[in-house]
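# Breakdown of the fold
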Amino acid sequence: MSETTDAPVITGADPASFPHSVLADRHPALIRRVRDAFPYGPEQHRALDALLKSAVEGTVEALDGDAWWDAWGVAEYVGRSWFEVPFLWSESYFYRRLLHAVGYFGGPPWSAPWQGVDPFRPFKLAELGGPEAREEIAALDRLAGLTEAEQRTALLHGSLWGNRADLGFRLQRAGDHDDDADGAGAGELVADDGDVLWRLLPGAGTLLLVADNAGCELVPDLLLVDHLLRHGHVERAVLHVKPYPYYVSDATTADVVDAVRHLAAAGTEHGRRLWSALADGRLALRAHPFSCGPLPYAEMPDDLRAEFAAADVTVMKGDLNYRRLVGDRMYPPTTPYRDTTAYFPGPVAALRTLKSDVITGLAPDTEARLVAAEGQRWRTSGTHALIQVRT
Ligand SMILES: O=P(O)(O)OC[C@H]1O[C@](O)(CO)[C@@H](O)[C@@H]1O
C-alpha cells in the first residue's frame, strides 16, 4: 500500500472536525438562506423541512426516481449517517437533495414551474453587482501599465485568490463573526509552481480550465483565459462548468453568460474579446455530468479522461476540485502532489485557496512553520493558497 491509499478518507464523524461543522451548521444555514430568498410554495417548504431534519439527525436515503444519482453509489450508503460516509460524498448528496427539494429537476414541464430555477442565483447576482466585482473591473486599468509577464502573473494570482471566499464559505465565516478570511488582500502561498505552469503554456494548444465559483472568481478566470488567448500562450481554451447548480456558487453556463455580459456591460475590451472567442470556438464551454458527481477524479469516466488527455494542460480551480483531484483523504501534508495526481492523464495544475483539511505537496519546513503558527487552522481558514503543477 502506498502513502496515497493508506491515508484515511475524510468523514464528518468527529464532532470537533471541520466536515462535521459543514454538515451540522453550514448546511442548515444554507437551507435557511435559500428558503428566505424565494417565495417557494408549501410543497417546497415541506421538502426543505424534511431535508433539514435528515441532514442533521437522519441517514442517507435513496433518491426515488433519480436514476442519475443512483449511478454514484447511493445504494452503498443508504441507512448510514450522513456524518459517517465520505465527506466528499455526503456534501455532494446534500446539494442534490437541496435541488430536489426546491423542484429544480422538476418533472413533466406542465407540473414543474420551478424546474431549472437556480436556488443560488440571487446570491450569485448580488456578488456580481457588488463592490468586489466593481473593484475587479477597476483593477483592469492598473493592469494596462504592466509588462505582459507581469500582467499574466497578476491575472493568475487574481484567478487564484478569486477562489478565496466562495459563497458557502462566507456563510460560515459570517456565522463565526470572523471575517479575516473575507477581506480583499491576498495571503500566503504555501506552494508556488507558477513558473512551471508558464513553461507548460508557450506553444500549448489547448488549455482546459475546470472552473469553480461564479461571480468574483469566474470573472478573473475569464480574464486569465482572455489574456492567454490574446497573447498566444494557448490557441484554444475549454472551460468546464457545472451542468447544474452545486456547492452554492459553482459556475454553470448561465453564470458564464452573466460574467461575460458583466465584462461587456462595463465596456471592457476583455468582455468583447471573450464574446468573440466564444463565437469563433477559441473558447468552448463544457458541462460534463461527472462535474457534479460525488467521486474523486481518479474514478472519472473514460470520455472525461479522454478530454483531459487531449488537453495540453488542465487547470483545476478551487478547493472542491483539489479534493477531487488528489482524493479527499487526510494525507501527511508532505505527500507528493505528483504521487496523488499520478493517475491523471496529462499535466495538471491546481489553483486553490485552502478551505478544507486535504493538503499534499508541502515542503517539511512549510508545514512545520504553519503548524507552529496556527495549529491546524491554516488548512481551513481560506487565508492560504497554493499553485501546484504536475507536468
Ligand atoms: O468553492 P471551493 O473552493 O471549491 O470550496 C468549496 C469548499 O467549501 C466546502 O464546502 C466547505 O469549506 C468544502 O467542503 C469545499 O471543498
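Predicted model, so just to flag it, every value in this text is computed and none were measured.

### Quick word on the pairing of strand 7 (residues 384-390)
Sheet faces and side chains relate simply in a regular strand, where the side chains alternate between the two faces. For strand 7, the buried fraction is high: seven of the seven residues fall into the buried class. Neither face of strand 7 is exposed, since His384, Leu386, Gln388 and Arg390 on one face and Ala385, Ile387 and Val389 on the opposite face are all buried. Here strand 1 (residues 188-192) pairs with strand 7 via four bridges, running parallel. Among the inter-strand pairings, Glu188 is bridged to a residue of strand 7, identified as His384. The pairing of strand 6 (residues 348-353) with strand 7 spans six bridges and is classified as antiparallel. Within strand 7, the position partnered with Thr353 by the bridge is Ala385.

### Focus on the domain arrangement of the protein
By a frequent convention, interface size equals the accessible area lost on bringing the separate parts together. As far as domains go, the protein holds domain 1 (3-119) and domain 2 (122-390). On a C-alpha basis, the centres of domain 1 and domain 2 stand 25 Å from each other. In this complex, domain 1 contributes 25 residues to the contact, which on the side of domain 2 involves 30 residues. Listing elements by their share of the side of domain 1 that touches domain 2, those giving two or more residues are helix 1 (3-6), helix 2 (18-37) and helix 6 (87-101). Here the side of domain 1 that touches domain 2 is composed, by residue class, of 18 nonpolar, two polar and five charged.

### A short note on the environment of Phe290
Residue position: Phe290 is located in the loop between strand 4 (283-286) and helix 15 (302-310). Phe290 sits 48 residues away from Lys242 along the chain, and the two C-alpha atoms are 8.8 Å apart. Leave out the neighbours within four places in its chain, and Phe290 touches Met300, Pro301 and Leu304.

Rules used throughout
Residues numbered from 1 in each chain as written. Predicted model: local features only at pLDDT ≥ 70, side-chain atom pairs only at ≥ 80, totals over all residues. Buried ≥ 20, exposed ≤ 12 C-beta atoms within 10 Å, placed from the backbone. Helix = DSSP H or I, 4+ residues; strand = E, 2+ residues; numbered from the N terminus. Pairing = 2+ DSSP bridges. Domains from an automatic or database assignment. Contact = placed C-beta atoms within 7 Å. Nonpolar A, V, L, I, M, F, W, Y, C, P; charged D, E, K, R; others polar.

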